[in-house]
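Structural characterization, general
Listed below, chain by chain, are the residues.
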Amino acid sequence: MTNMAAFAVRRFLAMVIVLYLIATLVFLIAHAAPVNPVYQALDQKYTPRAAAQLRHEFGLDQPLWRQYSNYIGGLLHGDLGKSESRSTLGESVSGMLKRGVPVTLKLGFMALMLALVVGLPVGLISAIKQNSIIDHGTQGLMIFVYAVPTFVLAPLAQLVIGAQLKWLPVTGWGDPGVLGYKEMIMPVCIYAAGLAGYFSKSFRSFLLEVLNQDYIRTARAKGLQERVVLYTHAIKNTLLPLASIVGPVVAYLITGAFITETLFSIPGVGNFTVESTVNSDYPVIEATVVLLAAFVVVVNFLTDIFYALVDPRVRL
Amino acid sequence: MAQRREELPSQSLRRAGQEADLGALTPAEEEAEQIAKTRISSPGRDAWRRFRKNWAAMAALVTVLIAFFVAIFAPFLHTTNTATMDFLSLNQAPSGAHWFGTDNIGRDLYSRDLYGLRPPLLISFIGTSITVVLGTLIGLVAGYFGGMVDNILARVTDVMFAFPGFILALILASFYGSAFNFMGGAGQALILVIVFAIVGWPGLMRFVRSLSLSMREQQFVEAARTVGSSHWKIISRHLLPNMWGLILVQASFAIVGFIYTEAILSLFGLGVKEPNPDLGKLLIDGTAEMGFNDAAWVFPSLFLTILILAFTFLGDGIRDAVDPRSRG
């Protein structure tokens, strides 16, 4: 167990360094950019005096190293600064994140669950019935929903299901009551479609690979029921490769929701991140990018630890 | 590549024979030559033979070639200037004069959709080329030499890889997009190319690195080292020829990702700027007319979907051809 602990510590230190470098990189990218956030925030009301005042308020008049140490210090204390853009001027970034993150996570996890619930059984059936009509039909459909981009699927669904059939609301998220759930159905399904296709395609090929192994032939040869062979021998051995594709999907769950959020006007992280990039809102961009990168890095760290626990060879 | 070297002596011999006027080959010789020719097989030729039998992959290849053809020869295929506004025919349905209809300021959508193919194809193609060159080069060096070099390069790549690529693309395009506002829209395309190259290489580098790490230990590399081949020769003659197929697979999936990202950046208003046509932009503008001018969003959606499907099937086809065992 000691080398497991050593492995975990080593990976943890690497994670911290990566996070620090990402935070620095974001700061540099934002501050080297040839745009003037103060000018954009004031727009029509721009006067040199107002600009100087705003500059001072946000600490933009301080030397760069000072701004950098303020920024890193703030990150360490969980103080993410205040929004510099016009519509949300002065609002604390952590407040915005607290509103946005739960929405995005809810959307993402519901889509992930739906994709797993649909994708895995479909992959299982088409692997068992390999090269049958069922296999070709379902896999064709799954490749289609996987490859058709969200920004094509979403407007189509909004037009047909939302505007013409009027079964579901076209946009929006989380109004109280029944309408709230109705609003969630379309974005969750659209987001899940691509993931379901990906999962079913991958699960089918993992399963086929395992079913070709010698120990499956042995299990069949000694007269085990096909059900037992499938569920206790085959599926168990697909779990590790399956984890290797679900892990990254979880890591990119928030970033993946950007398009869905924008198209359905869902008030999640994606929505205001996009808005803040358009408005050159430094603190919001720095905070969200660092947060999203941290999410990716932490999930990857947990995936690595999970791997090391299951497969001892990784620890070396 | 190794194969071509082996062919050379026989070819030069034959040429020498012809020059010396030794007469035509006898039927037996011709037959022997035929057999020799058919028996010559290289990984590339085998892969191509398998690829040709895969109808989905061939259809994808043809589609991709047609798309590039249309994009390159758009000036000869379009009907109206893409910027000409005809205020007497706004939001028209497809007709003889305007094959795909017109948009809300009366521009011909057929011509705009044709030219709209250019940014996604151009940007993703150049972006992928840079990604492939950078990723392969750095991956090979790190994987082949190992040790300190590998340690430094792998850590740098880890940082870049952990950075959510899409977000990096988003902030780079939004911060630096306005600074590249030159050459009539080509500047915006340039920033996207740079962004995609920066975002793309770490993934490919890790892939190539792991390939060369495993290949370095194999016997043919050991043999090459034993006979005193230089590092450069081992990399170019032994490692690369065994890798390029798998790299090509990654490249076609990278193109899919870049076409996708380019369209999304257009959706957020960070892509190629007006009045330059771009499929993603046309699609988003078209959805505003949804319900009463459906041709405006149907055709860009169709083209984008076909492009993405074609490159996906192309990648799948190349993978099946290069590495038949991976076939599901």
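Scroll up for the structure.
Attention here is on the structure that accompanies the text. Keep in mind that what you see is a predicted model, and the values were worked out from it rather than measured. Each residue is numbered by its place in its chain's sequence as written, counting from 1. Written order decides the labels, with chains lettered from A and ligands numbered from 1. Totals for whole chains, interfaces and linings use every residue, but because this is a predicted model, local features are given only for residues with pLDDT of at least 70 and side-chain atom pairs only at 80 or more, for both listing and counting. Side-chain measures here rest on the full set of heavy atoms in the structure, leaving out hydrogens and waters.

Moving on to the overall build of chain B. By definition, any uninterrupted DSSP run of H or I lasting at least four residues is a helix, any uninterrupted run of E lasting at least two residues is a strand, and each is numbered from the N terminus. A count of helical and extended segments in chain B gives 14 helices and 0 strands. Seen in sequence order, chain B has helices and strands lined up from the N terminus as α-α-α-α-α-α-α-α-α-α-α-α-α-α. Note on classification: 1.4 Å probe, protein chains only; a residue is buried when its accessible area is under 20% of the maximum for its type, exposed when over 50%, partly exposed between these limits. Burial analysis of chain B (328 residues in total) assigns 45% to the buried set. For this analysis, residues touch if any pair of their heavy atoms sits within 4.5 Å. Look at the contacts in chain B between residues 6 or more apart in sequence, and 71% of them connect residues 24 or more apart. With the model as given, the accessible surface of chain B reaches about 16,300 Å², and the carbon-plus-sulfur share is 64%. Each accessible area value is a Shrake-Rupley result obtained with a 1.4 Å probe; residue values ignore everything except the protein chains displayed when judging cover.

Contact with chain B, which involves 36 residues of that partner, is made by 45 residues of chain A. Simply put, the buried area is the total loss of 1.4 Å probe accessible area from both parts when two parts are fitted together. Buried surface at the junction of chain B and chain A, summed over both partners, amounts to about 3,400 Å²; 84% is from carbon and sulfur atoms. In what follows, salt bridge is the name for a side-chain nitrogen of Lys or Arg lying within 4 Å of a carboxyl oxygen of Asp or Glu. Linking chain B with chain A are 1 salt bridge. Among the salt bridges present, the one from D316 of chain B reaches K201 of chain A, with a minimum N-O distance of 3.4 Å. Contacts described as polar in this section are N or O atom pairs within 3.5 Å, which, within protein, must combine one atom able to donate a hydrogen with one able to accept it, while residues neighboring in sequence count only if both atoms come from side chains. Viewed at the interface, chain A and chain B are joined by 2 residue pairs in polar contact (both at pLDDT 80 or more). Looking at the side of chain B that touches chain A, the elements with two or more residues in it are α8 (147–162), α9 (165–176), α12 (231–267), α13 (279–288) and α14 (295–322) of chain B. Ranked by residue count, the leading element in the side of chain B that touches chain A is α9 of chain B, at 9 residues. Here the residues of the side of chain B that touches chain A sort into 27 nonpolar, 7 polar and 2 charged. Note on residue categories: nonpolar means Ala, Val, Leu, Ile, Met, Phe, Trp, Tyr, Cys or Pro, charged means Asp, Glu, Lys or Arg, and polar means any other residue, Gly included.

Residue and element names in this part refer to chain A. Even without glycine at this site, N131 takes up a positive phi of about 65°. Looking at the element boundaries, N131 is found in the loop between α5 (93–128) and α6 (133–147). For N131, a relative accessible area of 53% puts it in the exposed group. Unlike most non-glycine residues, S265 shows phi in positive territory, near 45°. By relative accessible area, S265 is classed as partly exposed at 42%.

Residues and elements named next belong to chain B. Put plainly, a pocket is an open set of points on a 1 Å grid over the protein atoms alone with protein on both sides within 12 Å along at least five of seven lines, a cavity is a set where a 1.4 Å probe fits but cannot get out, and a lining residue has an atom within 4 Å of a point. Grid points are joined across faces, edges and corners, and a volume is the space filled by probe spheres set on the points. Size it by volume and the second largest pocket reaches roughly 700 Å³. Taken together, 29 residues make up the lining of the second largest pocket; nearest its centre are W244, I247, L248, A251 and I318. Listing elements by their share of the lining of the second largest pocket, those giving two or more residues are α3 (43–53), α4 (55–72), α7 (118–145), α12 and α14.

Spatial relationships are all this shows, so hold off on functional conclusions.
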